[in-house]
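Fold and contact review
Single-letter residue listing:
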Protein chains: 4
Amino acid sequence: MATPKPLRVGMVGYAFMGAAHSHAWRTAPRFFDLPLDPRLTALCGRNDDGVRAAAAKLGWDSVETDWRRLIERDDIDLIDICTPGDTHAEIAIAALEAGKHVLCEKPLANSVAEAERMTEVARDAAARGVFSMCGFSYRRTPALALARRMVAEGRLGQIRHVRAQYLQDWLSDENAPMTWRLDKSKSGSGTLGDIGAHSIDAAQWVTGQNITGVSAVLETFVHERPLAGNLVGLGGHGDTDADAPRGTVTVDDAAIFSVRFSPDGFDGDGTSPGAVGVFESTRYALGRKNAMRLEVNGSLGSLAFDFEDMNVLSFYDAAESPDAGFRRIFVTEPEHPYVGNWWPTGHGLGYEHGFTHQVVDLVTAIGAGEQPSPSFADALQVQRVLSAVETSASEESRWTKVN
Amino acid sequence: MATPKPLRVGMVGYAFMGAAHSHAWRTAPRFFDLPLDPRLTALCGRNDDGVRAAAAKLGWDSVETDWRRLIERDDIDLIDICTPGDTHAEIAIAALEAGKHVLCEKPLANSVAEAERMTEVARDAAARGVFSMCGFSYRRTPALALARRMVAEGRLGQIRHVRAQYLQDWLSDENAPMTWRLDKSKSGSGTLGDIGAHSIDAAQWVTGQNITGVSAVLETFVHERPLAGNLVGLGGHGDTDADAPRGTVTVDDAAIFSVRFSPDGFDGDGTSPGAVGVFESTRYALGRKNAMRLEVNGSLGSLAFDFEDMNVLSFYDAAESPDAGFRRIFVTEPEHPYVGNWWPTGHGLGYEHGFTHQVVDLVTAIGAGEQPSPSFADALQVQRVLSAVETSASEESRWTKVN
Amino acid sequence: MATPKPLRVGMVGYAFMGAAHSHAWRTAPRFFDLPLDPRLTALCGRNDDGVRAAAAKLGWDSVETDWRRLIERDDIDLIDICTPGDTHAEIAIAALEAGKHVLCEKPLANSVAEAERMTEVARDAAARGVFSMCGFSYRRTPALALARRMVAEGRLGQIRHVRAQYLQDWLSDENAPMTWRLDKSKSGSGTLGDIGAHSIDAAQWVTGQNITGVSAVLETFVHERPLAGNLVGLGGHGDTDADAPRGTVTVDDAAIFSVRFSPDGFDGDGTSPGAVGVFESTRYALGRKNAMRLEVNGSLGSLAFDFEDMNVLSFYDAAESPDAGFRRIFVTEPEHPYVGNWWPTGHGLGYEHGFTHQVVDLVTAIGAGEQPSPSFADALQVQRVLSAVETSASEESRWTKVN
Amino acid sequence: MATPKPLRVGMVGYAFMGAAHSHAWRTAPRFFDLPLDPRLTALCGRNDDGVRAAAAKLGWDSVETDWRRLIERDDIDLIDICTPGDTHAEIAIAALEAGKHVLCEKPLANSVAEAERMTEVARDAAARGVFSMCGFSYRRTPALALARRMVAEGRLGQIRHVRAQYLQDWLSDENAPMTWRLDKSKSGSGTLGDIGAHSIDAAQWVTGQNITGVSAVLETFVHERPLAGNLVGLGGHGDTDADAPRGTVTVDDAAIFSVRFSPDGFDGDGTSPGAVGVFESTRYALGRKNAMRLEVNGSLGSLAFDFEDMNVLSFYDAAESPDAGFRRIFVTEPEHPYVGNWWPTGHGLGYEHGFTHQVVDLVTAIGAGEQPSPSFADALQVQRVLSAVETSASEESRWTKVN
């Protein structure tokens, strides 16, 4: 096999997502055969000392402190955007227009308008062979990828119910510190865009059906929080100081919404009635640490997933009745998506593997000159659902179409 | 101990609920000390042969074929109503006015108006020492009773989230037969009143908070079903005949609704912001057989319950952090509600024990001359939530106050 | 249907097992069609006041204070023995010789010699139409009965592994009181005969293979315990008094043994190599309340059961690979053993249902003039395993044949 | 912070373990602060083409085809031995005598005699500042490390029971191919050394008690298997050919043994009676893919772990009675061992993280000039248990001391 050509990556941002992406760029070629050879060429951040230390730690070859400069560099083929949502549109558009491929963290943007502009630019760029993808990394969890495969194979029959929960608890303590994720101007929304967006993407992707309408309730439980020095981290059990000056939480703490799905799933004939779904996202479900759960009930079978037991997919096949039961599939067989490149059967993967698989899929698509998935257009559809949720919540939960 | 006076019971209806109630009346005095001694005096049903056979099988001393005649009998102290919802109001009101105590199956009635009349009559009767109770039997599951105790003790802190699911699958097969439960004129509603009512009662009772408003979606997946000879049973894996004449399903198959709770829970000071909740009831969740689930998240802890593992309550205590985790309490200790009268630790109870405990609580209250719980007034509150759900669903999911 | 003839029962003993048996005799005819109609005719116990109070509570028509007198009564058809093991042989033999059917609690006796005499007498009695059964009630748990059916149907293929644990924790507290179960002269052995016997019977019955040899370790962790007034109960969280006078524990607290099974299972051809098994019984496994667990691995599939989730059987079918997984069968379908006579799908049973099913099987066999199962001969085989375990443990764990 | 000095690694072997170790050497410095900077300097294997391809894929800078040559190289500081057990002693001893640190895969050797020689050499080398460690990587699973911490803190009280299972199923199919792991001359033993050794090490390490004696049964279910071209892999769902020539399996397929532990655990006072334990290892437990399970019951609490849910530790604290229950600790908090260097709470780790943590602990110890743990002496103790198991099994399960 000839040595693949390099794919020189420039990444913006180096917090939680930056660390996950760095690991993925470094690890993917060690376990998968890729058509291009990723290089950790340049890391970009505003703080010079910070970005230098991060580059050394995370293994990047050079640094930049201005993302515009990064985009101008000739030795960069792809821009990986790991910053808060308010910066996505500007960076992504500039990068695509400069001929760089783009991987952009989710949610795609902080508004439908931004997402629409990004999608338009991405579509034009793709026509020139410059590709973009949005980082809905949960799609790359083997158990969820297997779920999609099983629905697409018709093993669930007609889909009737979707229930999607994304439950965390790191804000339960009312003295947990203020972060950028609680500032609407930075994050666009709260739990809705941060984790609810993952649920929406996963539910649409697994079922092959789009959400067409919503009825929603948003709630904020804690309206002020102590300001900490560093507002960048995710939070966790940080030092909290009840007497510190307080910042105002401007986003939702919890999002609950009912939805309907389009009648055209994988079978594409539009004769299915379309499923109903219920979604809940919160960071106040004490004891639930990262419970990204998805359950799908069809006319022939059901699937259930919980990211807290991420290597497992539960499957119920009604044909096995009366001895049917939810089957705990330990998704570690070589036949399962992504798994064959890792360890022998029974040796589970972890959180970061989703990012490695994301790199694999992205690089494979770029190498083949094909549009990676999820495209910005796919991410725009998620953005429209997020927007409809906010509209419905602001209008007494009135049913709101997604468009 | 002096022998307790008899409490002579007349029961109307002898299908699923009739069998459960018969067992409860017979079993309660064998395991619990009761102030009155229940007697299975008379069983009432319209079909003479049917009621005679049932009385012999279930152990009742005599039969009636007209419930009015049953109420007239001098040797009956309590009327136990196990018929479909369209008959509850008439029977219960007549019985109370005749001076008989009443145990009435849920939902209390098929409309708020009926439930209001029943509640009024019940209030008057109670003033005369004639008591009534509605059969929300899930309250008597030891794990749910323990849940309520723990919330009331403040171990969860301020309640923020409730998620209540009641998932069954016995209608997933579109050729499962028509039953009275799918006929709105008999049952009042579908999954909503049949199983959703249990979730509503349990959520309000465990949290000590009433639901104040809802936004709802109702859905019917299968609109016609084969008519079977016997429309009385619950269903199950009965003979289904795709070519049989078909009846029209006039009720909801699935109910999804978001709610808000009143800010005054057990602490009663009205300063709590009130929880948000999400409810889902369906008989189309393949693989979920009787998954009556309730999860409550507070500021100090969380509780989770699933009737498919009915002897277990999961409890998360944030104070145990960082080694906190959902604690699988096997609710079989003598200190747990109802449990001490049964078997040694670790020997679980079954579905019908809830009905036995219901008899215990009812007879204990009557013996003490006190209003049993849940009263018809409590059941009316559930009925109002059901009604608000139907209103919201018919008005584009618009937020609808419960009143 | 003609009214069945009565089957008049006289029961000896009225502690834990007596309450369970009383409930079973009373309940069985209400849910199952029996060829004979059980009557709770007489209860026998040495203490006159005690037995009178128990009879009133448990619903027996008359009392005796001498089991010999009970056996002499003409109005008794069956003797139900619920006393400690040291009395089984004498009562059972006398009853059988007096022409009474016998239900005897397990373990059958406190020694192989006693069990052999009982078996001989039982064999002679059966020839005269007088039947006997040993109370291995766990066989009547629907999930275990389903397990046996699945093995017998060949769905597991050749059996290779059995792992059986019976874990309780009620002696973990070293000040838990002394009971008759800790006195070898009464109970014969400790955890071994009390709960290990259940595991042995269940493993042999489910696999259709007998244990042919053992290697064992027995251990006693606490050698003296406070004497309580009442030594009859099972224990639980009773009042314990560290300063009370102490009695000597003369039985094992834990039993661990490896076994081999006979090569002739349900296929009966003796060409199977025979499975290996590992057994563990203890009352010191803190947190395990009644974890009677059985797992069987065959060449085609596996089964796993835990009595703490008694309505569930887990089944793994290798033919479903690569999407195979342990299937959580909720054993509440009408097609499952015993279940169709109870509640709709999804409504679980409890501990005492095993005793009701035991009555059903016993009365059905007597009515048909057939030997009930497990016979005393079956129970003798269990006794021989218990004896081999004790022999091996006393001889440095040396491999010991069962014979 | 000054740049740490390099630690130049030479690794022998590049199959399953080689891939895991390569990932660990590359990843550890990206997430942890290490006193030395690991370099993937040279990879060694006998087949020139194979080792070159592997080095390119796994990221090693150079190759060797003779391990002696590797050891001679001046630019190598540490030898990492990932070959079958029959080669460990020779390579490790040569490396240590040449002044190279050594990381040696488990089991340490194929015999006690070899392990004793290795231990002696390792002791001498340590005196010269040349260190060695054996690769019992399961110690580095955060949940097991937390288990050890909790036992050491006394939260379980006096240890009474250990039950350790290591269940896999990849040999259940009797046509699964022959591998070196089934050839006693290469692997030393079968399931016993391959996976049972992990259970023994984990049990001793978590409890702080050594095993002092055993009684054992070994079994081989399938005696001949088809020869495949490549005998190096672990197996899995490879192509199996029932008609292929067959090789003879010369190792155990299943190992079952009872043990006793030394009375001196973490408290070290020797007054504890010592726990009893039961161990089972097999590759024929259909449906169990990598169920490395450990349960420990003490006088105050219990712990349970299953590698199939590797981010969870279950803990029972009797002090919480009557509301005690096994607490599902999701071991993803920053306070938990190793976890703080990875992702936010709730984002689980995978199989390979244990190897990364192993590198962290090894490099940290070398940097500090301290003996890493587990030392060869610790691994020798495991080897002695393995040997005692084989002796007992060959002598009718007779109790056999470990020495």
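Residues numbered from 1 in each chain as written. Chains lettered and ligands numbered in written order. Predicted model: local features only at pLDDT ≥ 70, side-chain atom pairs only at ≥ 80, totals over all residues. Heavy atoms only, no water.

**Overview of the domain arrangement of chain A**
All names here are of chain A. Condition: What fixes the domain bounds is an automatic or database domain assignment. Only heavy atoms matter for contacts: two residues are in contact if any of them lie within 4.5 Å across the pair. As used here, buried area is the combined drop in accessible area, with a 1.4 Å probe, of two parts when they are placed together. Put simply, a salt bridge is a Lys or Arg side-chain nitrogen that is within 4 Å of an Asp or Glu carboxyl oxygen. Pairs of N or O atoms within 3.5 Å make up the polar contacts considered here, provided that, within protein, one atom can donate a hydrogen while the other can accept it, and that residues adjacent in sequence are counted only when both atoms are side-chain atoms. Strands here mean DSSP runs of E at least two residues long; helices mean DSSP runs of H or I at least four residues long; both are numbered from the N terminus. Each residue gets one of three labels, nonpolar for Ala, Val, Leu, Ile, Met, Phe, Trp, Tyr, Cys and Pro, charged for Asp, Glu, Lys and Arg, and polar for the others, Gly among them.
In terms of domain boundaries, chain A breaks down into domain 1 (5-135) and domain 2 (139-349). At the interface, 13 residues of domain 1 touch 18 residues of domain 2. The contact between domain 1 and domain 2 buries some 1200 Å² in all, and 65% of this surface belongs to carbon and sulfur atoms. The largest per-residue losses of area from domain 1 upon contact with domain 2 belong to Phe-31, Phe-32 and Lys-106, which jointly make up 43% of the total buried on that side. Our count for the contact surface shared by domain 1 and domain 2 stands at one salt bridge. Where domain 1 touches domain 2, the interface holds four residue pairs in polar contact (both at pLDDT 80 or more). When residues in the side of domain 1 that touches domain 2 are grouped by element, the largest group, three residues, is from helix α1 (residues 16-31). Class assignment for the residues of the side of domain 1 that touches domain 2 results in seven nonpolar, four polar and two charged.

**Points about unusual backbone geometry**
The step from Lys-106 of chain C to Pro-107 of chain C runs through a cis peptide bond, and the omega angle for that step is -10 degrees. Backbone torsion omega between Ser-321 of chain D and Pro-322 of chain D reads 5 degrees, so that peptide bond is classified as cis. Note on placement: Pro-322 of chain D falls in the loop between β15 (312-317) and β16 (326-330). A positive phi angle, close to 65 degrees, is found at Ser-397 of chain A, a residue other than glycine.

**A few points about the pattern of salt bridges**
Just so we agree on the cut-off: The rule is simple: take the accessible area with a 1.4 Å probe, protein chains only, and divide by the maximum for that residue type; under 20% is buried, over 50% is exposed, in between is partly exposed.
Counted under the stated rule, the structure contains 120 salt bridges over all chains. A salt bridge links Glu-308 of chain A to Arg-328 of chain D; the nearest nitrogen and oxygen atoms lie 3.6 Å apart. Residue Glu-308 of chain A is found in the loop between β14 (301-306) and β15 (312-317), and its partner Arg-328 of chain D is found in strand β16; the two belong to separate chains. For Glu-308 of chain A, a relative accessible area of 8% gives the class buried. Relative accessible area serves as the criterion here: at 28%, Arg-328 of chain D is assigned to the partly exposed category. Of the charged contacts in the structure, one is a salt bridge between Asp-66 of chain B and Arg-68 of chain B, with a shortest N-O distance of 3.8 Å. By relative accessible area, Asp-66 of chain B is classed as partly exposed at 32%. For Arg-68 of chain B, a relative accessible area of 40% puts it in the partly exposed group. Beyond isolated ion pairs, a larger network of salt bridges with shared partners links Glu-64, Arg-69, Arg-73 and Asp-75 of chain A.

**Here we look at the side chain of Ser-172 of chain D**
Along the chain, Ser-172 of chain D falls in the loop between β7 (159-167) and α7 (184-187). The buried category is assigned to Ser-172 of chain D, whose relative accessible area is 5%. Beyond its immediate sequence surroundings of up to four residues, Ser-172 of chain D is in contact with Arg-160 of chain C together with Arg-283, Tyr-284, Ala-285 and Leu-286 of chain D.

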